[in-house]
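Each chain is listed here by its residues.
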Amino acid sequence: MPDIAYLGPPGTFTEQATRLLTNDFDAALVPCDTVPVALAAVRSGEVLAAGVPVENSVEGSVPATLDALTVDEPLVAVREAVIPVQFDVLARPGVTLERVETVASHPHALAQVRGWMGEHLPKADVRAVSSTAAAAAAVADGDFDAAISAPVAGEHYPSLERLATGIADVRDAVTRFLLVRKPGALPEPTGADRTSICAVISHEVGTLADMLAELSLRGINLSRIESRPVKDSFGHYRFFLDFDGHVADARIGEALAALQRRCDSVRFLGSYPKADRAVAPVRTGSSEQAFRESAEWLAAVREGRLA
Ligand SMILES: O=C(O)C(=O)Cc1ccccc1
């Protein structure tokens, strides 16, 4: 049974997502303290893969994950899951909302309940910890008065009481997670895939527009672009791009080869089925068939076989 790492302890959103990402095989889930620790366990071969959070519909990207995917040995995403995120307030028995002086949670969770906290816990001291379940565990240990946690965390910390439920400022928020592993055989193309890369471009006029043009010229639908500092000097950025299609598709392959030529560096972060399986409409002249036909036409021109 393969070991699969996730951001723990048990009771995190990432645990729920990782269960979903591995629901078609027997996996032993291994909780890790941080995302970089989970990814290091994949790189060292200690585990086969790791489930990691990448992006939330309200708070945006999870910087710790993006940064950890750019350093050390490359890893690739092979599956994607999107799950709803809702938050509860958990406290030790006898602690009422009026008595809560310290509240702990993951920074992404704290950011999504700011409105509720301003109204119900305006004076509480807010502490960021490594995960929502780590916050619940710390409350059970007596380190803080309350935790903002996933509803399932209550099952893992039965000594805690639920003081409030459904406290997210934005209803229907979702978070996107990836299952990442060492590079190897790619998932088969399904017709509704996503490709992720990160690229560093030189600081010259037009390089970002040129990079995007390589996608738009081929009718490739960009679904996310994010920048993070390279961290070596101020103003030097790394761009994370997600777009529809699989590296095995002709147009995606051509675009990636062009980006590899144009950019200072490109790291391939995976081609995997989209969680929603939604097929983006393809612009005229950009279908796989159009690419095949143009390649055949070009071959005919080169070989003097013009009709
Ligand atoms: O802390 C957790 O439970 C996580 O899995 C990270 C997270 C935090 C908030 C929203 C989504 C994921």
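Everything below is about the structure printed above this text.
Everything numeric in this text was worked out from a predicted model, so none of it was measured.

Undergrad: Help me out: how do you make sense of the packing of helix α8 (residues 207-216) against helix α9 (residues 250-262) in this one?
TA: In a packed pair of helices, the relevant descriptors are the angle between the two axes and the axis-to-axis distance. One can describe the packing of α8 onto α9 by two numbers: an axis separation of 9 Å at closest approach and a directional angle of 165 degrees. The angle between the axes of α8 and α9 places the two elements in the roughly antiparallel class. Classified by chirality, the crossing of α9 by α8 is right-handed. In this structure, α8 uses D210, M211, E214 and L215 to contact α9, whose residues at the interface are A255, A258, L259 and R262. For the contact of α8 with α9, the per-class residue count stands at five nonpolar, no polar and three charged.

Undergrad: It is not clear to me how the site of the ligand should be interpreted in this structure. Could you clarify?
TA: Surrounding the ligand, one finds L7, T12, F13, T14, H106, H108, A109, S131, T132 and T175. A distance of 2.9 Å separates an oxygen atom of the ligand from a polar atom in the backbone of F13. Note that an oxygen atom of the ligand is positioned 2.4 Å from one of the side-chain N or O atoms of T132. Contact with the protein chains hides 99% of the accessible area of the ligand, taken as 320 Å² for the molecule alone. When contributions to the shell around the ligand are tallied by element, the ones reaching two or more residues are α1 (13-21) and α4 (107-112). Both domains that furnish three or more residues to the shell around the ligand are identified here as domain 1 (1-85 + 171-184) and domain 2 (88-165).

Undergrad: Teacher, can you tell me more about the side chain of T132 here?
TA: For T132, the position within the fold is in helix α6 (residues 132-140). On the accessibility criterion, T132 (5% relative accessible area) is buried. Discounting residues that sit within four places of it in the chain, T132 has contacts with G11, T12, F13, S105, H106, A109, I148, S149 and A150.

Undergrad: Would you mind showing me how to read the sheet that holds strand β14 (residues 237-244) here?
TA: Two orientations exist for strands paired in a sheet by backbone hydrogen bonds: parallel and antiparallel. Ordered by their spatial adjacency, four strands build an open sheet running β13-β14-β12-β15, and the pairing between neighbours is antiparallel. At either end of the open sheet lies a strand with only one pairing partner, and these are β13 (222-229) and β15 (265-273). Strand-to-strand twist across the sheet, computed as the mean angle between neighbouring axes with direction ignored, equals 15 degrees. Where β13 lies against β14, seven bridges are found, and the strand directions are antiparallel.

Undergrad: Help me understand the pattern of salt bridges in this model?
TA: Pairing of side chains with opposite charge becomes possible as their charged atoms draw close. If you walk through the whole model with that rule in mind, you get 20 salt bridges. Here E214 ties to R218 by a salt bridge, and the two come within 2.8 Å at their closest N and O atoms. D242 serves as the salt-bridge partner of R224, at 3.0 Å between the closest nitrogen and oxygen. Residue R224 is found in strand β13, and its partner D242 is found in strand β14; the two are separated by 18 residues along the sequence. What makes R224 buried here is its relative accessible area of 8%.

Undergrad: Help me understand the packing of aromatic side chains, please; the structure alone is not making it clear to me.
TA: Where two aromatic rings form a pair, the distance of their centres and the angle of their planes describe that pair. What the rule picks out here adds up to one aromatic pair. Ring geometry for F13 versus F87: centroids 5.4 Å apart, planes at 80 degrees, classification edge-to-face. Residue F13 is found in helix α1, and its partner F87 is found in the loop between β5 (76-84) and β6 (88-91); the two are separated by 74 residues along the sequence. Under the relative-accessibility criterion, F87 is labelled buried at 2%.

Conventions used here
- Starting afresh in each chain, residues are numbered from 1 along the sequence in its written order.
- Where totals are concerned, whole chains, interfaces and linings use all residues; where local detail is concerned, this predicted model gives features only for residues with pLDDT of at least 70, and gives and counts side-chain atom pairs only at 80 or more.
- Each side-chain value is worked out from all heavy atoms of the structure, with water and hydrogens disregarded.
- Fitting a line to C-alpha atoms yields each axis, with helices limited to the stretch in contact; the angle taken between N-to-C directions then spans 0 to 180 degrees.
- Secondary structure counts use DSSP, requiring at least four H or I residues in a row for a helix and at least two E residues in a row for a strand, with both numbered from the N terminus.
- Put simply, angles under 35 degrees are roughly parallel, angles over 145 are roughly antiparallel, angles from 65 to 115 are roughly perpendicular, and the rest are oblique.
- Crossing handedness is defined as follows: a turn of the near helix away from the far one that is anticlockwise and smaller than a right angle gives a left-handed crossing, while the clockwise case is right-handed.
- In this description, contact between two residues means that some pair of their heavy atoms is separated by no more than 4.5 Å.
- Each residue receives one of three labels: charged for Asp, Glu, Lys and Arg, nonpolar for Ala, Val, Leu, Ile, Met, Phe, Trp, Tyr, Cys and Pro, and polar for the others, Gly being one of them.
- If even one non-hydrogen atom of a residue comes within 4 Å of a molecule or strand, that residue is called near it.
- Polar contact criterion, stated in full: a pair of N or O atoms within 3.5 Å, where within protein one must be able to donate a hydrogen and the other to accept it, and residues adjacent in sequence count only if both atoms are side-chain atoms.
- Per-residue accessibility takes into account occlusion by the displayed protein chains alone, with areas from the Shrake-Rupley method and a 1.4 Å probe.
- An automatic or database domain assignment supplies the start and end points of every domain.
- The rule is simple: take the accessible area with a 1.4 Å probe, protein chains only, and divide by the maximum for that residue type; under 20% is buried, over 50% is exposed, in between is partly exposed.
- When DSSP finds at least two bridges between two strands, those strands are taken to pair.
- Salt bridge, as used here, is a side-chain nitrogen of Lys or Arg placed within 4 Å of a carboxyl oxygen of Asp or Glu.
- Classification of ring pairs uses Phe, Tyr and Trp, with its six-membered ring standing for Trp, and accepts pairs whose centres are within 6.5 Å; under 30 degrees between planes counts as stacked, over 60 as edge-to-face, and the remaining range as tilted.

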